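One-letter residues, chain by chain:
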Amino acid sequence: MDSNTCTMHSHCVQMTMEIHQVVPPPHKSTLQKLKVRLKETFFPDDPLRQFKGQTFKIKLILGAKYMFPILQWGPNYSFKLFKSDLVSGLTIASLAIPQGISYAKLANLPPIVGLYSSFVPPLIYAVLGSSRDLAVGPVSIASLVLGSMLRQEVSPSADPVLFLQLALTATLFAGLFQASLGILRLGFIIDFLSKAILIGFMAGAAIIVSLQQLKSLLGITHFTKQMGLIPVMSSVFHNIHEWSWQTIVMGICFLVLLLIARHVSIRKPKLFWVSAGAPLMCVIISTVLAFAIKAQNHGISVIGKLHEGINPFSWNMLWFHGSHRGLVMKTGLITGILSLTEGIAVGRTFAALGQYKVDGNKEMMAIGFMNVVGSFTSCYVTTGAFSRSAVNNNAGAKTAASNIVMSVTVMVTLLFLMPLFQYTPNVVLGAIIVTAVIGLIDIPSACHIWKIDKFDFLVMLTAFLGVILFSVQEGLAVAVGLSTFRILLQITRPKTVMMGNIPGTDIYRNLHQYKEATRIPGFLILSIEAPINFANITYLNDRTLRWIEEEEEDNIKELSSLRFLILEMSAVSAIDTSGISLFKELKATMEKKGIELVLVNPLAEVIEKLKKADEANNFIRADNLFLTVGEAVASLSSTMKSQSTTTEEAQTIVPHY
């Protein structure tokens, strides 16, 4: 007995296997289906389940706690928790003050705006935010993007008032967009910024931010307004005559000091306070030194006089008319997405470490309302910063009250300590920014992406090179476009694989993945691993016919014939009307070739639509539907054997006259 006969025999033996019917799902009205689909799309976490079966009073209390997370931890707040939050709040304030001033200059805004943005937004987040580790304030990426995009049309030096108005208006649009995503449960939109894009984008942005600090670190006064690598380096070397050796020496000294402090904290996390306090310490030392030696007389530029007092209201400065309306909306959209992505990613990271949950949609609303209120109180785009949040976590923050402590500390600084920053050298602020953004370059993650997925690495590299060679928004746009193209490829070119039997079992798996799997004579078993829709039916039809042609060529060599095309559909989660037409065309084509089309395990939505489209049972018959490939092969093999036996008996009958 040859191997093919043995294989057929082994499957014929399985005819005692119980065959299960494929049944459509219970009937649901269109309204019920729409309700389920909307719930799964917008409310996958089902936030309303906590209200079921509760009294009206309890529902009001639960609703208030849901909208204002401070009501969850506030009633149980204790002095012990306050001691931890006080230490962490003071620690992040020591980092937030110099970073706030530095990032405002990075955004081409007055330094005082950076401190304003470290006062009001943290108070709003403490009430609305659900993360106990997130430390709120200005961040380098959003500052860079905001400054570079607005500078395309308005000069911050020639028209600083208009520039500030546009920055505040862009912040308002960013906040409205962020809050809308949370309210409408559309957070999945920011998922288009994949991890690969963010790693490449942040690394490129870190380099661009660092290169921009060469103006401060070298003491150059005439510096390019462009952001690309080539224009910046060209500007640096074309203005060698403006380099100040005093500025360079001071910059190198403080940069080395900050990098050493950062290295110490990385090597020994318990010494987190070293890197957290280093920026403020550098500001204090450099300010005293600059005052003592009259630094401005030696070519070292200083911040200059800063206004005292807390945030003035700024709703009268919002700009909704004129030719720049499109610019501020676009800037708000991009900075809103970037800051939201960073804030939620940071919040989720520390929530995972602390084993508690952060509600993404509530975070969107919190960050959005924070920026809306900020735009009314002289603040620009803020979010949760990774560096400050890491310090907050290491310092032992227990609740969002650490943001309140930080905010109060910044308020005291704004009211009483602003004259002390008048002599702070700009070179130190540049060194602080460089040290902060170095951590955004994640080489181990880049190597990990290269090892796992080369296309993702290409996307990451595109984002990185696009940012440093062209601009932040162009690099981001190209990378997102490349990722979207990959998704479209996966949709329009779904994977189809040929399946074979694992010997000794009724399990069928991919022939290329499982080398021990064997093909079944007379059967072509294909698995479709994607939803079927208008975008991929042409490809699936062409690819299936190619499989059949290749199988028929092999069968000619083996002197056998193809009898059944089995489509395993466990991974086909959805189908549209165009997808149904694919099966009708395949059925017609198979009939011409003398091949039966068999479907295995069509899911609820798929079988329901197929049944509705085939009321006359023309192409979806019960004997061509099976729950597993094993049952299909066993049943159809039995049918083949019985037909073969009947034919042989008919041929052996001798007619008598």
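Residues numbered from 1 in each chain as written. Predicted model: local features only at pLDDT ≥ 70, side-chain atom pairs only at ≥ 80, totals over all residues. Heavy atoms only, no water.

Digging into the overall build of the chain
Part 1 of the argument: The number of helices and strands found in the chain is 26 helices and eight strands.
Part 2 of the argument: Relative to its length of 657 residues, the chain is extended, with a C-alpha radius of gyration of 33 Å against a globular reference of 26 Å.
Part 3 of the argument: With the C-alpha coordinates aligned to their principal axes, the bounding extent of the chain is approximately 130 × 65 × 55 Å.
Part 4 of the argument: Per-residue burial for the chain yields a buried fraction of 49% across its 657 residues.
Part 5 of the argument: Within the chain, counting contacts between residues at least 6 apart in sequence, those at least 24 apart form 80% of the total.
Part 6 of the argument: Accessible area for the chain stands at about 31900 Å²; split by element, carbon and sulfur atoms hold 64% of it.
Part 7 of the argument: Once the 53 positive and 43 negative side-chain charges of the chain are each reduced to a mean point, those two points are 14 Å apart. (Helix = DSSP H or I, 4+ residues; strand = E, 2+ residues; numbered from the N terminus. Rg over C-alpha atoms; globule rule 2.2 N^0.38 Å. Buried < 20%, exposed > 50% of the residue type's maximum accessible area, 1.4 Å probe, protein only. Contact = heavy atoms within 4.5 Å. Areas by Shrake-Rupley, 256 points an atom, 1.4 Å probe, with all protein chains shown as cover. Lys, Arg positive; Asp, Glu negative; His and termini not counted. Charge placed at Lys NZ, Arg CZ, Asp CG, Glu CD.)

Observations regarding the domain arrangement of the chain
Part 1 of the argument: When its domains are assigned, the chain resolves into domain 1 (72–487) and domain 2 (494–653).
Part 2 of the argument: When each unit is reduced to the centre of its C-alpha atoms, the spacing between domain 1 and domain 2 is 57 Å. (Domains from an automatic or database assignment.)

Section: the layout of surface pockets
Part 1 of the argument: Approximately 1300 Å³ is the volume found for the largest pocket.
Part 2 of the argument: In terms of lining residues, the largest pocket is bounded by 41 residues, among which Phe386, Ser387, Ala390, Gly439 and Leu440 are the most central.
Part 3 of the argument: Secondary-structure elements contributing two or more residues to the lining of the largest pocket are helix H5 (79–106), helix H10 (195–212), helix H13 (245–267), helix H14 (272–293), helix H15 (325–354), helix H17 (386–394) and helix H19 (426–438).
Part 4 of the argument: The dominant element in the lining of the largest pocket, judged by the number of residues it contributes, is H15, at seven residues.
Part 5 of the argument: The residue inventory of the lining of the largest pocket, partitioned by class, reads 24 nonpolar, 13 polar and four charged.
Part 6 of the argument: By volume, the second largest pocket amounts to about 1000 Å³.
Part 7 of the argument: With four residues, H19 is the largest single contributor of residues to the lining of the second largest pocket.
Part 8 of the argument: Among the residues forming the lining of the second largest pocket, the class breakdown is 16 nonpolar, 17 polar and five charged. (1 Å grid on protein atoms, 1.4 Å probe; cavity = no way out; pocket = protein on both sides within 12 Å on 5 of 7 lines; lining within 4 Å. Points joined across faces, edges and corners; volume = space filled by probe spheres on them. Nonpolar A, V, L, I, M, F, W, Y, C, P; charged D, E, K, R; others polar.)

Digging into unusual backbone geometry
Part 1 of the argument: Positioned with a positive phi, Lys294 is a non-glycine residue whose angle comes to about 55°.
Part 2 of the argument: Mapped onto the elements, Lys294 comes out in the loop between H14 and H15.
Part 3 of the argument: Phi is positive for Ser378, close to 65°, though the residue is something other than glycine.
Part 4 of the argument: Turning to its location among the elements, Ser378 is positioned in the loop between helix H16 (360–376) and strand S2 (383–384).

Side note on the sheet that holds strand S6 (residues 564–568)
Part 1 of the argument: With mixed pairing, the six strands of this open sheet are ordered in space as S4-S3-S5-S6-S7-S8. Two strands bound the open sheet, and with one partner strand each, they are strand S4 (508–510) and strand S8 (625–626).
Part 2 of the argument: In this sheet, S6 lies alongside strand S5 (residues 523–528) in parallel orientation, the contact comprising five bridges. Along S6, the bridge assignment pairs Ile525 with Ile566. (Pairing = 2+ DSSP bridges.)

Here's the deal with the pattern of salt bridges
Part 1 of the argument: Tallied over the entire structure, the rule returns eight salt bridges.
Part 2 of the argument: Across the pair Arg519 and Glu551 runs a salt bridge, and its minimum N-O distance is 2.3 Å. A residue pair is termed long-range when its members are at least 10 positions apart, and Arg519 in the loop between S4 and S5 and Glu551 in helix H23 (residues 537–557) qualify at 32 residues.
Part 3 of the argument: Arg519 gets classed as partly exposed once you look at its relative accessible area, which sits at 36%.
Part 4 of the argument: Looking at Glu551, the relative accessible area reads 4%, which means it is buried. (Salt bridge = Lys/Arg side-chain N within 4 Å of Asp/Glu carboxyl O.)

Quick word on the side chain of Gln212
Part 1 of the argument: When you line up the elements, Gln212 lands in helix H10.
Part 2 of the argument: On the basis of relative accessibility, which here comes to 12%, the residue Gln212 falls in the buried class.
Part 3 of the argument: Residues within four places of Gln212 in sequence aside, it is in contact with Arg151, Phe223, Gln226, Met227 and Val232.

Let's talk about the environment of Leu440
Part 1 of the argument: Within the element layout of this structure, Leu440 appears in the loop between H19 and helix H20 (443–452).
Part 2 of the argument: As a C-alpha pair, Leu440 and Lys454 span 14 residues in sequence and 21 Å in three-dimensional space.
Part 3 of the argument: Sequence-distant contacts of Leu440, that is, excluding residues within four places in its chain, are made with Ser140, Ile141, Met202, Ala203 and Ala206.

Observations concerning the pairing of S6
Part 1 of the argument: Within S6, five of the five residues are buried, leaving the element largely enclosed by the surrounding structure.
Part 2 of the argument: Along S6, one buried face is formed by Phe564, Ile566 and Glu568 and the opposite face, lined by Leu565 and Leu567, is buried too.
Part 3 of the argument: Across five bridges, S6 lies against strand S7 (residues 596–600) in parallel orientation. Residue pairing in the sheet places Ile566 in a bridge with Val598 of S7.
Part 4 of the argument: Crossover connection from S6 via helix H24 (residues 577–593) to parallel S7: handedness right-handed. (Right-handed = clockwise from strand over helix to strand, strands pointing away.)

A look at the packing of aromatic side chains
Part 1 of the argument: For the structure shown, the criterion picks out nine aromatic pairs.
Part 2 of the argument: Aromatic side chains Phe291 and Tyr423 sit 5.1 Å apart centroid to centroid with 70° between the ring planes, which places their arrangement in the edge-to-face category. Of this pair, Phe291 sits in helix H14 while Tyr423 is found in the loop between helix H18 (401–417) and H19, placing the two residues 132 residues apart along the sequence.
Part 3 of the argument: Ring centres of Phe313 and Trp315 lie 4.8 Å apart, and the angle between their planes is 25°; on these two criteria the pair is classed as stacked.
Part 4 of the argument: Taking the relative accessible area as the measure of exposure, Trp315 reaches 52% and is therefore exposed.
Part 5 of the argument: Positioned above the aromatic ring of Phe291 is the side chain of Lys294, whose terminal nitrogen or guanidinium carbon lies 5.0 Å from the ring centre.
Part 6 of the argument: Positioned above the aromatic ring of Trp450 is the side chain of Lys454, whose terminal nitrogen or guanidinium carbon lies 4.8 Å from the ring centre. (Phe/Tyr/Trp six-rings, centres within 6.5 Å; stacked < 30°, edge-to-face > 60°. Lys NZ or Arg CZ within 6 Å of the ring centre and 35° of its normal.)

Quick notes on H17
Part 1 of the argument: Of the residues making up H17, those classed as buried are Arg388, Ser389, Ala390, Val391 and Asn392.
Part 2 of the argument: On its buried face, H17 is in contact with H5, strand S1 (136–137), H14, H15, S2 and H18.
Part 3 of the argument: Gly396 sits one or two positions beyond H17 and adopts a positive phi of about 95°.

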